[in-house]
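# Structural characterization, general
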Amino acid sequence: MAKQDYYAILGIEKGASKEEVKKAFRKLAAKYHPDKQTGDEEKFKEISEAYAVLGDEKKKAEYDTYGHAFNGAGGGAGAQDFGGFNWADFQQQGGGNFEFNINDIFGDVFGGGGGTRQSRGRDISIDIELAFADAVFGTSRKVLVTKNNTCNTCDGSGAKKGTEFVTCTTCNGNGRIREARRSIMGTFQTVRECTTCNGTGQVPKEKCEACRGAGVLRSEDEIAINIPAGIQNGEMIRMTGRGEAVQGGVPGDLYIKIHVKPHQSITRDAFTLTSQVHIKLSDALLGNTYTITTLDGNVEIKIPEGVKHGELLRIKGKGVPQGTGRGDFMVKIIIDIPQKLSRKARKLIEELKIEGI
């Protein structure tokens, strides 16, 4: 059965650059490696064979010229039979004669590769309830959060004051521990940070009595939070580095979820605030002045003659802060129709009816 094209196996176009070949192989290898849940040994061998050829400039050039049929197809003395890919040779060579380390390709698969990551504390989240006006105009809050904080006694070192530091016996002062892992590709070296010394290569002779060498203590931390103007219900504020601390690493982040209490008479739509005003039928016909409650206090608004039920009147600049300005405050007109009429009122309405009003 004819072999599938190597470019098709990696899902790239013919003539793809070395970086494109490497990127395609990295993506497929992470998916099909037998150690993964989505692993497929045969598929992994197939993409590795394709990479062994396309990842080497000389082999790639010959493949582009002669395809799979190297011997007996006019390939010349320098041609090789890539149809007979030798998996054992590929393993022995560490994944092919490439200019980069195969460990770099499988760093994500094996959990390490050629480097290590700095440890990071846990992220934490809290909820804050805001009054409607505070969400519109912005405010500040102070909250007490119980979490792992850097030990103030040893400043996070885990060492007793004045004690000496000695070489870590776990990693022999390297700060890193190498581990061999076997896979279908052969034996790979992975590197991880030493958890005894947190990558420093040294440990204190005597531990801090306050945190017992942990470098962190669980305690209350007062955090000042600046709530920006115009924040919406359900939005999150992220405070970098205000999460839980971890020895020898960076602290996590603090996430604050905002819950805005509804206003009694005002609603919000983006930067626009809206309320309602109930007016008498006579005021709808003849016009009048009404007092409107806004977040800035009471404002008088003129009701024009002949205003319609449901009509919106605009008060400029009394909405939600937006850049250097503010949105508008809209007032919805609700015309109250009387349920009962006095004799005098009925007579007047009948006269208006005669007038065609």
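Scroll up a little and you will see the structure.
I will try to describe carefully the structure that is included in this document. By convention here, each chain's residues receive numbers from 1 onward along its written sequence. The predicted nature of this model means local features are confined to residues of pLDDT at least 70 and side-chain atom pairs, given and counted, to a pLDDT of 80 or more, with totals for whole chains, interfaces and linings taken over all residues. As a convention, hydrogens and water are excluded, and side-chain values are obtained from all of the structure's heavy atoms.

### What to know about helix α2 (residues 18-32)
Counted only if it meets this: The secondary structure listing takes helices from DSSP runs of H or I that are at least 4 residues long and strands from runs of E that are at least 2 residues long, numbered from the N terminus. Take the number of residues in a helix, subtract one, and multiply by 1.5 Å to get its expected span. Using a 1.4 Å probe on the protein chains alone, a residue whose accessible area is under 20% of its type maximum counts as buried, one over 50% counts as exposed, and one in between counts as partly exposed. Of all possible arcs, the one meant is that of the directions from the helix axis to the C-beta atoms.
Counted at 1.5 Å a residue, the expected span for α2 with its 15 residues is 21 Å, and the 21 Å between its end C-alpha atoms agrees. Among all positions of α2, only V21, K22, A24, F25, L28, A29 and Y32 are buried. With its buried residues spanning 165 degrees around the axis, α2 presents them on a single face. Across from the buried face of α2, at angles greater than 90 degrees, the exposed residues are E19, K23 and K27.

### Overview of the side chain of Q247
Rules: We define a polar contact as two N or O atoms separated by no more than 3.5 Å, with the added condition that, inside protein, one atom must be a possible hydrogen donor and the other a possible acceptor, whereas residues neighbouring each other in sequence contribute only through side-chain atom pairs. Contacts are assigned to residue pairs with any non-hydrogen atoms lying within 4.5 Å of each other.
The topology assignment puts Q247 in the loop between β8 (236-239) and β9 (254-260). Relative accessible area serves as the criterion here: at 17%, Q247 is assigned to the buried category. There is a polar contact of 3.4 Å between the side chain of Q247 and the backbone oxygen of G213. Look past the residues within four positions of Q247 in its chain and what remains in contact with it is S119, G156, S157, G158, N198, G213, A214, G215 and V216.

### Structural notes on a nonpolar patch on the surface
Our working definition: Exposure above 30% relative accessible area and no salt bridge define the residues that can form patches, which grow by joining like charges within 9 Å and nonpolar side chains of Val, Leu, Ile, Met, Phe, Trp and Tyr within 5 Å. Values of accessible area rely on a 1.4 Å probe in the Shrake-Rupley scheme; residue burial ignores everything except the protein chains shown. A pairing counts as a salt bridge when a side-chain nitrogen of Lys or Arg comes within 4 Å of a carboxyl oxygen of Asp or Glu.
Taken together, the side chains of L281, L285, L286 and I337 define a hydrophobic patch exposed on the protein surface, amounting to about 380 Å² of accessible area. In this fold, L281 is placed in helix α9 (residues 281-286).

### Things to note about the pattern of salt bridges
Where charged atoms from two side chains of opposite charge approach closely, those side chains can pair. Applying the stated criterion to the full structure yields 17 salt bridges. Taking the shortest distance from any N to any O, the salt bridge between D221 and K147 comes out at 3.4 Å. One end of the pair, D221, is in strand β7 (residues 216-227); the other, K147, is in strand β2 (residues 139-150), and 74 residues separate them in sequence. Exposure remark for K147: the relative accessible area of 4% places this residue in the buried category. When salt bridges with common partners are traced through the structure, they connect R120, D123, R238 and D253 into a single cluster.

### Description of the sheet that holds β9
Threshold: DSSP-based pairing: two strands are paired if at least 2 bridges between them are found. Here an angle of 0 to 180 degrees is reported between the N-to-C directions of two axes, which are lines fitted to C-alpha atoms, with helices fitted over the stretch in contact.
Spatially, 3 strands are ordered β1-β9-β8 in an open sheet, and the strand pairing comes out mixed. Edge positions in the open sheet fall to β1 (124-130) and β8, since each of these has one partner strand only. The sheet shows a mean angle of 25 degrees between the axes of neighbouring strands, taken without regard to direction. For β1 and β9, the ladder comprises 7 bridges, and the chain directions are parallel. The residue bridging I124 from the neighbouring strand is L254, located in β9.

Read these as geometric descriptors, not functional statements.
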